[in-house]
Amino acid sequence: MTMSNSFATFLLMNNYFHDVATAMLLACSFVLWVLLKNLGNERDSVLTRYAASLFRGVSGMFWFSVLWIIASGIVRIVTFHSFEWFNTTQKHFEAGLLVKYGIAAVMMIVGS
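Numbering of residues begins from 1 in every chain and follows the order in which that chain's sequence is written. For this predicted model, a pLDDT threshold of at least 70 governs which residues receive local features, and a threshold of 80 or more governs which side-chain atom pairs are given and counted, while totals over whole chains, interfaces and linings are taken from all residues. The side-chain numbers reported here are obtained from all heavy atoms of the structure, hydrogens and water having been left aside.

Digging into the overall build of the protein
For the record, the criterion: Secondary structure elements are taken from DSSP: a helix is a run of H or I of four residues or more, a strand is a run of E of two residues or more, and numbering for both begins at the N terminus. Atoms counted for the radius of gyration: C-alpha only. Globule rule: 2.2 Å times residue count to the power 0.38. Any two residues whose heavy atoms approach within 4.5 Å at even a single point are treated as in contact. With residues, only the protein chains shown are counted as cover, and all accessible areas are computed by Shrake-Rupley using a 1.4 Å probe. Under the convention used here, Asp and Glu are negative, Lys and Arg are positive, and both His and the chain ends fall outside the count. To locate a charge, take atom NZ for lysine, CZ for arginine, CG for aspartate or CD for glutamate.
Scanning the protein from terminus to terminus reveals 3 helices and 0 strands. A compact globule built from 112 residues would reach a C-alpha radius of gyration of about 13 Å, whereas the protein, at 18 Å, exceeds it by more than 25%. Summarising its shape, the C-alpha atoms of the protein cover approximately 60 × 25 × 15 Å along the three principal directions. Counting contacts in the protein only where the partners sit at least 6 residues apart, residues at least 24 apart contribute 74% of the total. About 7,800 Å² of surface is accessible on the protein, with carbon and sulfur atoms providing 73% of the total. Counting 7 positive and 5 negative side-chain charges, the protein places the centres of these two groups 6 Å from one another.

A word on the environment of Val 20
For the record, the criterion: Three exposure classes are used, based on accessible area relative to the maximum for each residue type with a 1.4 Å probe and protein chains only: buried under 20%, partly exposed in between, and exposed over 50%.
Structurally, Val 20 is set in helix α1 (residues 5-39). Owing to a relative accessible area of 33%, Val 20 belongs among the partly exposed residues under this scheme. Measuring from C-alpha to C-alpha, the distance between Val 20 and Ser 65 comes to 8.6 Å, with 45 residues separating the pair along the chain.

Details of the nonpolar core
Nonpolar side chains tend toward joint burial in soluble globular proteins. Convention followed: As used in this record, nonpolar core signifies buried Ala, Val, Leu, Ile, Met, Phe, Trp, Tyr and Cys residues forming a set joined through side-chain atoms within 4.5 Å.
Of all hydrophobic cores here, the largest spans 8 residues; its members are Ala 21, Leu 25, Cys 28, Leu 32, Val 58, Phe 62, Val 66 and Ile 69. Sorting the residues of this core by element identifies α1 and α2 (45-90) as the ones contributing at least two each. Beyond its immediate sequence surroundings of up to four residues, Ile 69 is in contact with His 18, Ala 21, Thr 22, Leu 25 and Met 108.

Examining the packing of α1 against α2
Quick reminder of the rule: Axis geometry follows a simple rule: fit a line to the C-alpha atoms, using only the stretch in contact for helices, then measure angles between N-to-C directions, giving values from 0 to 180 degrees. Orientation is classified from the angle alone, with under 35 degrees giving roughly parallel, over 145 giving roughly antiparallel, 65 to 115 giving roughly perpendicular, and any other angle giving oblique. In a left-handed crossing the near helix is turned counterclockwise from the far helix by less than a right angle, and in a right-handed crossing that turn is clockwise. Charged residues are taken to be Asp, Glu, Lys and Arg, nonpolar residues to be Ala, Val, Leu, Ile, Met, Phe, Trp, Tyr, Cys and Pro, and polar residues to be all remaining types, Gly included.
For the pair α1 and α2, interaxial distance at closest approach is 6 Å and the crossing angle is 150 degrees. With respect to α2, the element α1 is oriented roughly antiparallel. Crossing hand, α1 versus α2: left-handed. Residue classes in the contact of α1 with α2 are distributed as 27 nonpolar, 10 polar and 3 charged.

Below you can see the structure in the form of structure tokens.
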């Protein structure tokens, strides 16, 4: 399939930011887990306010990442065969792509 350079660049960047959002989901999940685990029954009001502020910011990034994964994932799924899989088979790198998606699936499951 022939596509314009502009569209191919758009797909490349979409796929890249989809991967970044997946990593951000895992990172935000880890930060939230550490924050909630270590805060426990803390009574210090300054620390509690700081933790609540941090929680709001990180949870906002978490949900932004989830929405970005869904939105860019739709584009990625629709164009997967004609762009990502086609380029992968041309370079004979099918195993690498499958491993990448296996790792991304684990990150999504653990991050959720």
